[in-house]
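Secondary and tertiary structure notes
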Amino acid sequence: MTEPVEELPPYRAVLVVDMENYSGHTAAQQREFTEIIPELLHRAFERAGRADVWEERRFPDSTGDGYAVGFRPESLPLLIGPFLNALQTELAYYDRILRSGDRKSRLRLRAAITVGPLYESDSPRLGDGCGDSRVAAHRLVDAAEVRRLLELSDPDITFVAAIISDRVHEDVVLGGHATKASSDYVRTSVSVKQFCGDAYLHVPKPSGDLLSRGFSQEDEVKGSEEKDEKRVQGIHNEFSGNNSGHVVQAGSIGHLTQDHRDQSNRISVRGNSNTVAGRDVRGRRS
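So, here is what we can say about the structure in this document. (Residues numbered from 1 in each chain as written. Predicted model: local features only at pLDDT ≥ 70, side-chain atom pairs only at ≥ 80, totals over all residues. Heavy atoms only, no water.)

**Looking at the pattern of salt bridges**
- Per the stated rule, a full pass over the model turns up 16 salt bridges.
- Taking the shortest distance from any N to any O, the salt bridge between Glu120 and Arg58 comes out at 2.8 Å. Taken together, the residues Glu120 in the loop between strand 4 (109-117) and helix 4 (132-141) and Arg58 in strand 2 (residues 58-62) connect sequence positions 62 residues apart.
- With relative accessibility at 29%, the residue Glu120 sits in the partly exposed group.
- One salt bridge connects Arg72 with Glu74, and the closest N-O pair in it is separated by 3.4 Å.
- Among the residues examined, Glu74 registers a relative accessible area of 56% and is labelled exposed.
- Residues joined in a network through salt bridges with shared partners are Arg12, Arg58 and Glu120. (Salt bridge = Lys/Arg side-chain N within 4 Å of Asp/Glu carboxyl O. Helix = DSSP H or I, 4+ residues; strand = E, 2+ residues; numbered from the N terminus. Buried < 20%, exposed > 50% of the residue type's maximum accessible area, 1.4 Å probe, protein only.)

The structure is reproduced here in structure tokens:
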């Protein structure tokens, strides 16, 4: 008797978007945002010249403050490139309309894109779209790393911040199918709930502090360390006196001590776990 073998569910690209500061708006505004988000996604596909991809969408699902939807995996090059550009443009246009009525209202989106096998039925069912890649998309869109991109950028310029899974990056970007350069996607490590792994950040139109501080906290720490190194290198110490002995240069000085029983007037200076010995000690910046 042949053992039954379950077929692998079809591979689907997953797009999940989530609105920044949704809860900071009134209930009436929240309702409007919930209704307009899928419409803005539709317009972005039209703006990118691929309305047909939206028409073929699978298991669309509103999350209240966002939206989750599946597409054929062949659409991934479009999703991580032209679509994100079009979404940035569409949101910028909508922002001018939105804020003409209320200067405090904003609609900025985080977007996560993954790919993997997802359950799907011929007739709509509640279980459609279930799978690890769908869960991963929801984890990624909520990651601090992608939230930080919007927090550091100018809210009047940057309206979309995206994060794509390692698998999407490998298949599309490294595979040579992306419309953008590989350097447009910045690697980061993500840990959200049970999800832990690498992902890649992308902002169609970066601005504000994001330009100077970098896409990832690793870039920011690296830049801070380089500044500290330059500051330390800019310190010059002078030692003078008739006493002989060893002189060790220290980047920073902790404290100075002198043994009053010692008639040589020697001073011990401690800094950075080093010891500097001499009679006259002066320090200045070069």
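**Focus on the pairing of strand 3 (residues 66-71)**
- With respect to burial, strand 3 is a largely interior element, 6 of its 6 residues being buried.
- Burial along strand 3 is two-sided: the face carrying Gly66, Ala68 and Gly70 and the face carrying Tyr67, Val69 and Phe71 are both buried.
- The sheet contact formed by strand 1 (residues 11-19) and strand 3 spans 6 bridges and is antiparallel. Note that in strand 3 the partner of Val17 across the bridge is Tyr67.
- Bridge analysis of strand 2 against strand 3 gives 3 bridges, and the strand direction is antiparallel. Paired with Arg58 across the strands is Gly70, a residue of strand 3. (Pairing = 2+ DSSP bridges.)

**A few points about the packing of aromatic side chains**
- Under the defined criterion, the tally for this structure stands at 4 aromatic pairs.
- Members of the aromatic cluster, each reached through a chain of ring pairs, are Phe45, Trp54, Tyr67, Phe71 and Phe83. (Phe/Tyr/Trp six-rings, centres within 6.5 Å; stacked < 30°, edge-to-face > 60°.)

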